[in-house]
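Working through the structure, step by step
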Amino acid sequence: MDSRPIGVFDSGIGGLTVVKEIMEQLPNESIVYFGDTARVPYGTKSKETVTKYSFQCINFLLEKKVKAIVVACNTASAASLDAIKQSYDIPIVGVVEPGAIAACEVTKLNKIGIIGTEGTVSSGAYEKEINIINNDVKMVLKACPLFVPIVEEGWQDTEIAKLTAKEYLEGLKGNGIDALVMACTHYPLLEQTIGEIMGEDIQLVNPAFETAKALKTVLHELNIHSKSSKSSSYEFYVSDNPVKFKKVGENFLKKPISHVQKIDIEKY
Ligand code: DGL
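Read on for a plain summary of the structure. Being a predicted model, the structure only gives us computed values, none of them experimental. (Residues numbered from 1 in each chain as written. Predicted model: local features only at pLDDT ≥ 70, side-chain atom pairs only at ≥ 80, totals over all residues. Heavy atoms only, no water.)

The next point concerns the site of the ligand. Neighbouring residues of the ligand: 14 residues in total, closest Ser11, Tyr42, Asn74, Thr75 and His186. Measuring from an oxygen atom of the ligand, one finds a backbone N or O atom of Gly43 at 2.8 Å. Within the side chain of Thr75, an N or O atom sits 2.6 Å from an oxygen atom of the ligand. Here the ligand has 300 Å² of accessible area as a free molecule, and 99% of this is covered by the chains. (Near = heavy atom within 4 Å. Polar contact = N/O pair within 3.5 Å; in protein donor to acceptor, adjacent residues only side chain to side chain. Areas by Shrake-Rupley, 256 points an atom, 1.4 Å probe, with all protein chains shown as cover.)

What follows is the structure, encoded as structure tokens:
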């Protein structure tokens, strides 16, 4: 039994899609979330830069005495998971492997679409993980970089979101895919819009569910899960604009966020 919190980070608001799942699947756990809103997007930056950012995010979360880390960002997981796992002596869960597992469970035609940031798409991380699970699966990848600022702005239910999604996704439909992985934690906030364009025959895959499940397994294996919900608390930190984060975050989580604090991530 360990009541210390779980540390979760993303480049911005997107990691809340994972937080939501952790809240549902692991209600006894406390969470400290960091959204790097001053430096979002990560998806257009180099592997070296994203890796440096990931180290800083983890150093900050460790200061908050977390017992495990969830890299709730596909771009950071794809760029830096191996490096950070080698450098820290704390359980670390990324989102790419859980996303790959979920996608392989869903596809019947063995043809999967993957949408993510430029960084995730060019990293080859999903191809690698999916082909470890099933070597027969074919993949079609597409970077959708404008989805991230749309979500950060809280514009997911606007005409701009619909037009942007149409432009990115229309061409993916004719490829014979029956599953589409939302391989960026920001994208599930656009799930309805993406689903309307892809149609009923293509199932959307949100890696967040499998990520929370993987976290649960790790916590139980190491016997560091929390057994009581009485003490669970949620703290949120950002590197810029806490007011906007609170507004967009509350709208997505459908619950009040009482504590959002701005910190200087460059110090870590
Ligand atoms: N939410 C992030 C991801 O899962 C990154 C978005 C970005 O900062 O470009 O890839």
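Once the structure has been displayed, the description carries forward.
Moving on, we get to the sheet that holds strand E4 (residues 92-93). One open sheet accounts for 6 strands, arranged E4-E3-E1-E2-E9-E10; its pairing is parallel. The sheet terminates laterally at E4 and strand E10 (260-262), the two strands that pair on one side only. Relative to strand E9 (residues 234-238), strand E2 (residues 31-35) is paired through 5 bridges, and the arrangement is parallel. Its bridge partner lying in E9, Phe34 is registered against Tyr237. (Pairing = 2+ DSSP bridges. Helix = DSSP H or I, 4+ residues; strand = E, 2+ residues; numbered from the N terminus.)

This part takes up the environment of Ile6. Examined against the element boundaries, Ile6 turns out to sit in strand E1 (residues 6-10). Exposure remark for Ile6: the relative accessible area of 0% places this residue in the buried category. Separated by 117 residues in sequence, Ile6 and Ser123 have C-alpha atoms that sit 27 Å apart. (Buried < 20%, exposed > 50% of the residue type's maximum accessible area, 1.4 Å probe, protein only.)

Before going further, it helps to spend a moment on the nonpolar core. Residues Phe147, Leu169, Ile194 and Met198 are the most contacted members of the largest nonpolar core, which totals 53 residues. Residue contributions to this core peak at 5 residues, all from helix H1 (residues 16-25). Excluding residues within four positions of it along the chain, Leu169 makes contact with Ile115, Cys144, Phe147, Ile194, Ile197 and Met198. (Core = buried A, V, L, I, M, F, W, Y, C linked by side-chain atoms within 4.5 Å. Contact = heavy atoms within 4.5 Å.)

Moving on, we get to the pattern of salt bridges. One pass over the full model with this rule turns up 9 salt bridges. Between Arg4 and Asp2 there is a salt bridge whose closest N-O contact spans 2.6 Å. Two residues, Glu29 and Lys67, come together in a salt bridge whose shortest N-O distance is 2.7 Å. Taken together, the positions of Glu29 in the loop between H1 and E2 and Lys67 in the loop between helix H2 (47-63) and strand E3 (68-71) put the pair 38 residues apart, joining distant regions of the chain. Judged on exposure class, the residue Glu29 and its partner Lys67 are both buried. One network of salt bridges, in which partners are shared, links Asp36, Arg39 and Glu266. (Salt bridge = Lys/Arg side-chain N within 4 Å of Asp/Glu carboxyl O.)

Right, let's talk about the environment of Ala78 for a bit. Within the secondary structure, Ala78 is located in helix H3 (residues 74-87). For Ala78 and Ser123, which are 45 residues apart along the polypeptide, the C-alpha to C-alpha distance reads 6.4 Å. The residues contacting Ala78, other than those within four sequence positions of it, are Val96, Thr120, Ser123 and Ala125.

Within helix H9 (residues 191-198), the full set of buried residues consists of Thr193, Ile194, Ile197 and Met198. In an axial view of H9, the angular spread of the buried residues amounts to 125 degrees, which keeps them on one side of the axis. The exposed residues of H9 that point more than 90 degrees off its buried face are Gln192 and Glu196. Against the buried residues of H9 lie strand E5 (111-116), helix H7 (147-152), helix H8 (159-169), strand E7 (179-182) and strand E8 (203-205). (Arc of directions from axis to C-beta.)

What follows covers the side chain of His225. The residue His225 is located in the loop between helix H10 (207-221) and E9 in this model. Looking at His225, the relative accessible area reads 12%, which means it is buried. Here His225 is in contact with Met1, Asp2, Glu29, Lys67, Leu219 and His220, once residues within four sequence places are set aside.

Viewed as axis vectors pointing N to C, helix H4 (residues 96-106) and helix H6 (residues 125-133) meet at an angle of 50 degrees, and their least axial separation amounts to 9 Å. Regarding the angle of H4 to H6, the classification is oblique. Handedness of the H4/H6 crossing: right-handed. When H4 is examined against H6, the residues Val96, Glu97, Gly99, Ala100, Ile101, Ala103 and Cys104 are found in contact with a partner set consisting of Ala125, Tyr126, Glu129, Ile130 and Ile133. Looking at the contact of H4 with H6, its residues break down into 9 nonpolar, 1 polar and 2 charged. (Axes fitted to C-alpha atoms, helices over the stretch in contact; angles between N-to-C directions. Parallel < 35°, antiparallel > 145°, perpendicular 65-115°, else oblique. Left-handed = near helix turned anticlockwise from the far one by under 90°. Nonpolar A, V, L, I, M, F, W, Y, C, P; charged D, E, K, R; others polar.)

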